[in-house]
Amino acid sequence: MRTLRADESGLAEAVSLLRAGDLVAIPTETVYGLAGDGRSADAVARIFAAKQRPTFDPLILHLPASWKTDFESRSVVDLQGLHPTDANLARALAAKFWPGPLTLVLPRHPSVPDLVTSGLDSVAVRVPAHPTAQELLERFGGPLAAPSANRFGRISPTHAAHVIQELSGRAAAVIDGGPCAIGLESTVIRPTGRAGEWQLLRPGALPREAIEALLGAPLIEPPPSGRSSPGLAQPSPGLIETHYAPSKPLELLVGAGAHDWACALADHEGAALLFFSDASRDRALAGAEITRPCRVLSPTGSDVEAARNLFSALRELDASPAPSLLAELPLGTQGLIPAIRDRLERAGCRYPTSTGGTP
Ligand code: AMP
Ligand code: MG
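Note that the structure is predicted; figures quoted are calculated from it, not measured.

Reading guide: rules and limits
Position numbers for residues start from 1 in each chain and track the written sequence from start to end. Lettering of chains starts at A and numbering of ligands starts at 1, both following the order in which they are written. Reporting of local features is limited, given that this is a predicted model, to residues whose pLDDT is at least 70; pairs of side-chain atoms are given and counted only at 80 or more, and all residues count toward the totals for whole chains, interfaces and linings. To obtain the side-chain values, all non-hydrogen atoms of the structure were used and water was disregarded. Throughout this description, buried means an accessible area under 20% of the type-specific maximum (1.4 Å probe, protein chains only), exposed means over 50%, and partly exposed covers the range between. By definition, any uninterrupted DSSP run of H or I lasting at least four residues is a helix, any uninterrupted run of E lasting at least two residues is a strand, and each is numbered from the N terminus. When DSSP locates at least two bridges between a pair of strands, those strands are taken to pair. Paired rings are identified among Phe, Tyr and Trp, the last through its six-membered ring, by centres lying within 6.5 Å, and are further divided according to the angle between planes into stacked (under 30 degrees), edge-to-face (over 60) and tilted (the rest).

*Asks:* An account of the pairing of strand β10 (residues 198–202) is needed here, citing residue identities and associated values.
*Replies:* The side chains of a regular strand alternate, first on one face of the sheet and then on the other. Counting buried residues in β10 gives five out of five residues, a clear majority hidden from the surface. Joining the antiparallel neighbours strand β9 (residues 187–191) and β10 is a turn of six residues, in which G193 adopts a positive phi near 110°.

Listed below in structure tokens is the structure:
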């Protein structure tokens, strides 16, 4: 896999590879994506093969920013299939949150390859905010399918080096755009079919509060993990129970005090530790000397900083000599905390604490 610079010649090379049906990993503000021509069934098939991703998991199409105001006339979505209230809400959501980490699942245009949508009658679309992704999309002039550039089920890449670890030999190139600014996947929503009612399919980098403020109504909760639900024909990657996973066992402690942590440390000799903040680490360790690998997601407890560091911290601890990982599952419902909790819960399982593992 070649590493391309995010400059004139790197972008020109990436566009010619994409036009030839090859795959190029690209930086976005969420995570690195493995991009292929979203109008080519062959290129999309290569994405599934490179990621070893089951074909029942639909992909997100990334659109050029210049399509933001007329995305409905680009043969990708078909807003005629929606109630007029929802068509207007889709336009308003795009106008307010694109470019950015919001994915809209909308009725598909018939020309979208079946493989992109896993045969569903809907397609997921977003306009990414990363300047390199935008420049590339503008030059490519069409939609790019771009799921996270990792092998299926594993930790999402937030640096070009992670992509090389994951997909070396499986894609033509990666464009090095530096670390991802947000570090968590987009928030995915769809209209339910009842006018004005939208559902959260995956919590993500755009906090649900911001979406609910625009909709003027609460989002319906996501369908249960790993199972089909009416209208959502198959589970999709963000909904599969085990995902974003390190290769070593990961146990999660939620609402745990110093006593629970002492038990967990004794149970898991040498386990690497992951804490949300300096304050929660100090509370958990209660002054105990620690010689094992240990990472704090955000010293000050910022959800934004924690999100940015989550996947690289998991990856670093997974690569350490520690035999397993113990992580704090942060409490809270605001901002990016629900998305951080969602990713950790899919990456590991609960350690039984004295509170029974519930907050
Ligand atoms: P990823 O490409 O790994 O970021 O994941 C794509 C996400 O988009 C999945 O988790 C799904 O939740 C969602 N998605 C994509 N297409 C559809 C669709 N047609 N219907 C429902 N969800 C979709
Ligand atoms: Mg993914």
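*Asks:* Give a detailed account of unusual backbone geometry, specifying residues and quantitative values.
*Replies:* Cis peptide bonds are those with omega within 30 degrees of zero, and the linkage from W98 to P99 qualifies with -5°. Of note, P99 is situated in the loop between α3 (84–97) and β5 (102–107). Located in the positive-phi region is Q52, a residue other than glycine, with phi close to 55°. The residue Q52 is located in the loop between α2 (41–51) and β4 (60–62) in this model. Since its relative accessible area comes to 48%, Q52 is described here as partly exposed. Although it is not a glycine, A286 sits at a positive phi angle of roughly 45°. Tracing the backbone shows A286 in the loop between α9 (278–285) and β13 (294–296).

*Asks:* Tell me about the packing of aromatic side chains, and name the residues and values.
*Replies:* All told, the structure shown has three aromatic pairs when counted by the stated rule. Here the aromatic rings of Y244 and F311 are separated by 5.9 Å at their centres, their planes lie at 25°, and the arrangement is stacked. Residue Y244 is located in the loop between α7 (208–215) and β11 (250–254), and its partner F311 is located in helix α10 (residues 303–319); the two are separated by 67 residues in the primary sequence. Exposure class is identical for Y244 and F311. Each is buried.

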